[in-house]
Amino acid sequence: MTESALAEVEALLRNAKRDLDRYSALLQQDAVTQQQYDAVETNYLALEAKRNTLVRQKYSTGFVAQQQRHRLGQNDAGIELAEAAVSLAELNLSYTVILAPCDGFASRRNIQPGQLIQPGQLIQPGQTIVSVVDTGDTWVIANYKETQTVRMTVGDSVIIEVDAVPNVKYMGVIEAISNATGAKYSPMPQDNSTGNFVKVEQRIPVKIRFASDTPENEMARLRSGMNVECNVVK
């Protein structure tokens, strides 16, 4: 609204300036009266004052808009700061809940009820709190002699007999054959190049997965760490 009003007043002011110049020349020639000249001059001065007022209003409006934009920027910064504080609070809150990596049963707790644990005490990264036995994923690691794995391939069927579950034969499938012997994972692996001429037959870990159609009541009888005998069916 200020822009259009200012343009209108400036157009009227230019016309009033031309009228004032003409009347000034006519007054010097006594072609118009002083009263007529004064009326034209008054109109010009009034339009000039109005133009100046509109100009100040324009700059004032622009300053207010700038102030509002600055306040909006400050508000946006405050919102971003508050969102960051909320995210940090949610992260800190998540640290108060410890989730197990899988479904299962707690088999051994390193922190027992009644121990002296002060409020605010922190658990160090990697510290073992409880051991969990995964009940959703069951497999067997069979350590076969290296000569026994000659004809084994991934996908071969395996008959599994569990010592603690007599008269029950489980079916399984070879899922993976290790790329290294079990001795290679020991803290001090054997090195035959140091003068040991006695060839020791190595063991190769083979991962055997239980068949998916095994009855649940039979799977429920299995426990982690049980001894089994596995026979590969070719």
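Heads up: the structure comes first, above all this text.
None of the values given here were measured: they were computed from a predicted structure.

With that settled, consider the sheet that holds strand β4 (residues 157-162). Pairing in this open sheet of five strands is antiparallel, and the strands run β3-β6-β5-β4-β7 from one edge to the other. The open sheet has two free edges, formed respectively by β3 (139-145) and β7 (228-233), since each of these has just one partner strand. Between one strand axis and the next, the sheet turns by 40° as a mean value, whatever way the strands run. Inspection of the sheet shows β4 paired to strand β5 (residues 165-177) by six bridges, in the antiparallel sense.

Summed over the entire model, instances satisfying the criterion amount to one aromatic pair. Over the face of the ring belonging to W139 we find K207, whose NZ or CZ atom lies 4.6 Å from the ring centre.

Once that is clear, we can look at the pattern of salt bridges. Evaluated as defined, the whole model comprises four salt bridges. For K17, the salt bridge identified is with D21, shortest N-O distance 3.0 Å. In this pair, K17 and D21 are both assigned in helix α1 (residues 2-28), four residues apart and thus about one turn of the helix distant. What makes K17 partly exposed here is its relative accessible area of 34%. The partner of E175 in a salt bridge is R209, and the shortest N-O contact between them spans 3.0 Å. With E175 in strand β5 and R209 in strand β6 (residues 203-210), this residue pair connects regions lying 34 residues apart in the sequence. Its relative accessible area of 36% is what places E175 among the partly exposed residues. Overall, R209 belongs to the partly exposed group, its relative accessible area being 21%. One network of salt bridges, in which partners are shared, links E175, K207 and R209.

Here the focus is the environment of K234. Residue position: K234 is located in the segment after β7. Residue K234 is classed as exposed on the basis of its relative accessible area of 57%. Separated by 82 residues in the primary sequence, K234 and M152 place their C-alpha atoms 8.4 Å from one another.

Bringing unusual backbone geometry into the picture now. In most cases, non-glycine residues show a negative phi, while peptide bonds are predominantly trans. Positive phi, normally seen in glycine, also occurs at N167, with a value near 65°. Mapped onto the secondary structure, N167 falls in strand β5. Residue classification places N167 among the exposed residues on the basis of a relative accessible area of 84%.

Calculation rules
- Residues numbered from 1 in each chain as written.
- Predicted model: local features only at pLDDT ≥ 70, side-chain atom pairs only at ≥ 80, totals over all residues.
- Heavy atoms only, no water.
- Pairing = 2+ DSSP bridges.
- Helix = DSSP H or I, 4+ residues; strand = E, 2+ residues; numbered from the N terminus.
- Axes fitted to C-alpha atoms, helices over the stretch in contact; angles between N-to-C directions.
- Phe/Tyr/Trp six-rings, centres within 6.5 Å; stacked < 30°, edge-to-face > 60°.
- Lys NZ or Arg CZ within 6 Å of the ring centre and 35° of its normal.
- Salt bridge = Lys/Arg side-chain N within 4 Å of Asp/Glu carboxyl O.
- Buried < 20%, exposed > 50% of the residue type's maximum accessible area, 1.4 Å probe, protein only.

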